[in-house]
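# Fold and contact review
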Amino acid sequence: MTRYCVIGAGAAGISALQQLREAGHQVDCYEKTDRVGGHWNTDYDALHLITSRDMTGYEGFPMPADYPNFPSRDQVRDYLHGYAAHHGHDDVIRFGTAVVSVVPIATDGPVGSAGWTVRLDNGEIHDYDGVLVANGHLWDRKTPALAEHYTGRQLHSGEYRNTGDIEGGRVLVVGAGNSGCDLAADAAAHRIPADIVIREGMYFQPKAYFGVPRQQIPWMGQFAPDEQDLIARLLARVTIGRAGDYPGMPEPAYRTLAEGRTVVNDLLLYWIQHGRIRVVPGIDRIEGTTVHFTDGTARDYPTILWATGFRASLPFLDDALIERRNDTPLRYAAGIVPKGLEKLYYIGLTAPRGPQIPVYGVQTRIVLRMIELHEAEPERFAGIAAYLGELQEPDDRIDIVRAAWDAQRADTTRLLDAMRAARV
């Protein structure tokens, strides 16, 4: 019987592990830390889900009913640990074991068609018929070159834990995604004045309308995605207002939520109107602890928090194997199949807007269909990556509108159905 490998035991990895085991496959899972859950073990203390409890759990394993609508970091962490324990994954996962290289087995066929050799940090080497990569995309921190010129205390959002990390009486947050807004709001809630750099306008959405989490408004589902987009913008206009209602906030440069960035956070707006958060424009330069902004103003900051994102890094794969665009791996099949590589699958490298945890099971079930097609062939190779590469456009997006991802997923299912029918 063939054997498969899962790299990482975060939320994506343990979902992939469960799907593979449930389907009867032999599988090894390697996790370099000592526990499941990935970044949920170390994220900042103030973190809460931006999607609802009842929409964000694993299939067949809902989050506890006594959790609030938007569970905290600690509650999500405990939920992930509970999921792994319930399914006996703790006895299967090899903790404290890092994958140092994943190399295609030599063959005259396409890259990866003969499987992959996995080398571990303890020197072990194992061959696998397929590898599911679930090492996450929220760990390799990005900071701009400007950070080299700052001499005060500075942390990336991936390092920040709570306001005890902030020195002095003022903080600058650079980056206005969901994490950046959380960090600024955390400081403001603890009476620490915060400035936040917002260079481009974006739409803000609250977590709930009419007291109901956004994903659970019952009548919203009867509308098409573009109609839902319009309704959400109209509801936000009524409840939040316009960008001009918040001093310094730039207007969005795009018309719809789907066309640009959308932030699910209304605490930032609350604290702006209470004067504890101030919006500032882009940074021109930094001299010591003085930050000069593009509007000609300058201010001293004892602490800067960089909420400037992460790289999608695959340190165990040779860079020459990974074709990228915008520094992100190109993929087919709703973010699963790397361009040009067979029998390698990404789980969780795409983040469709909305609940994330259910996505991982959906992706792995698609992988299981691909595995079935491979295993049905005499040489255990079906040429799936090449087949999809002829019929789909490669995508570099991690943040992707849910409707667009759903369309990719449906197209992939259709193509796999056609492939299977042609070989019966």
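Above this text is the structure in question.
Every value quoted in this text rests on a predicted model; they were computed, and no experiment measured them.

Time to look at the packing of helix α1 (residues 11-22) against helix α7 (residues 357-375). Relative orientation of the contacting elements α1 and α7 amounts to 40°, with a least axis distance of 9 Å. Taken as axis vectors, α1 and α7 run oblique relative to one another. The way α1 lies across α7 gives a crossing that is right-handed. Residues A11, A12, S15, A16, Q19 and L20 of α1 pack against I357, Y360, G361, T364, R365, L368 and I371 of α7. Counted by class, the contact of α1 with α7 contains eight nonpolar, four polar and one charged residues.

This next bit is on the sheet that holds strand β19 (residues 298-300). Sheets are built from strands paired through backbone hydrogen bonds, the pairs being either parallel or antiparallel. The three strands are arranged β17-β18-β19 in an open sheet whose pairing can be described as antiparallel. Unpaired on one side and paired on the other, β17 (283-287) and β19 mark the two borders of the sheet. Sheet twist, expressed as the average angle between the axes of neighbouring strands with direction ignored, equals 20°. Where β17 lies against strand β18 (residues 290-293), four bridges are found, and the strand directions are antiparallel. Looking at the pairing, E287 lines up with T290 of β18.

Right, let's get into the environment of Y345. Turning to its location among the elements, Y345 is positioned in strand β26 (residues 344-346). Sequence separation between Y345 and A385 is 40 residues; the distance between their C-alpha atoms is 10.0 Å. With near-sequence residues (within four places) excluded, Y345 lies in contact with V131, L132, V133, I336, V367, M370, I371 and H374.

Residues that lie three or four places apart on an α-helix share one face, since the helix turns once every 3.6 residues. In a regular helix each residue adds 1.5 Å, so 12 residues correspond to 16 Å; helix α4 (residues 178-189) covers 16 Å between its end C-alpha atoms and thus fits that length. Among the 12 residues of α4, nine are classified as buried, and the element is accordingly described as predominantly covered. Buried within α4 are the following residues: G180, C181, D182, L183, A184, A185, D186, A187 and A188. One or two steps after α4, the chain reaches R191, where phi turns positive at roughly 60°.

Time to look at the nonpolar core. If you look at the biggest cluster of nonpolar residues, it comprises 93 residues, and the most contacted ones within it are I196, M249 and L268. Here this core takes 10 residues from α7, the largest share from any one element. Every residue in contact with I196, bar those within four places of it in the chain, is listed here: L172, V173, G175, A176, G180, C181, A184, L268, I277, R278, V279 and V280.

Criteria and thresholds
Residues numbered from 1 in each chain as written. Predicted model: local features only at pLDDT ≥ 70, side-chain atom pairs only at ≥ 80, totals over all residues. Heavy atoms only, no water. Axes fitted to C-alpha atoms, helices over the stretch in contact; angles between N-to-C directions. Helix = DSSP H or I, 4+ residues; strand = E, 2+ residues; numbered from the N terminus. Parallel < 35°, antiparallel > 145°, perpendicular 65-115°, else oblique. Left-handed = near helix turned anticlockwise from the far one by under 90°. Contact = heavy atoms within 4.5 Å. Nonpolar A, V, L, I, M, F, W, Y, C, P; charged D, E, K, R; others polar. Pairing = 2+ DSSP bridges. Expected span 1.5 Å × (residues − 1). Buried < 20%, exposed > 50% of the residue type's maximum accessible area, 1.4 Å probe, protein only. Core = buried A, V, L, I, M, F, W, Y, C linked by side-chain atoms within 4.5 Å.

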